[in-house]
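Spelled out, the chains give:
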Amino acid sequence: MALFRAITNLNGQLTNGERTKRYVVVHPLDDMPETKVKSSGLGLMRMTRSVRISLISLRAYLIAMMLLLLYHVLALAGLFGKHAH
């Protein structure tokens with residue numbers, strides 16, 4: 001943030017502290033890995049009614065699409081006779 005303030009200083013004057021700061025750019029592959037957030041102790045989240053309805057309808061839609069795909073594959077395989085084409 002200090003680098004951004006030093007660049008956008010409208011006075012044109014830099015303080016001694018801003019002149020002597022050095023910023024090191026580290027490539028992400030060379031950087032130390034960051035600590036990950038542990039969500040094991042968070043517990044369950046309460047869902048609202050609209051979220052629950054949305055998730056149930058999404059599940060029903062995905063199941064219906066899988067059944068249609070299964071029917072199409074079985075029809076292409078010829079299990080339903082020639083009338084299915």
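Criteria and cut-off values
- Residues numbered from 1 in each chain as written.
- Predicted model: local features only at pLDDT ≥ 70, side-chain atom pairs only at ≥ 80, totals over all residues.
- Heavy atoms only, no water.
- Helix = DSSP H or I, 4+ residues; strand = E, 2+ residues; numbered from the N terminus.
- Buried < 20%, exposed > 50% of the residue type's maximum accessible area, 1.4 Å probe, protein only.
- Areas by Shrake-Rupley, 256 points an atom, 1.4 Å probe, with all protein chains shown as cover.
- Salt bridge = Lys/Arg side-chain N within 4 Å of Asp/Glu carboxyl O.

Draft legend 1. Representation of the overall build of the chain. Within the chain one finds three helices and zero strands. Along the chain, helices (α) and strands (β) appear in the sequence α-α-α when read from the amino end. Here the chain holds 85 residues, and 4% of them are scored as buried. A total accessible area of about 8,900 Å² is found for the chain, and carbon and sulfur atoms account for 64% of it.

Draft legend 2. Layout of the pattern of salt bridges. Enumeration over the complete set of coordinates arrives at one salt bridge. For the salt bridge of E34 with K36, the shortest nitrogen-to-oxygen distance reads 3.9 Å. In terms of burial, E34 and K36 fall into one category: exposed.

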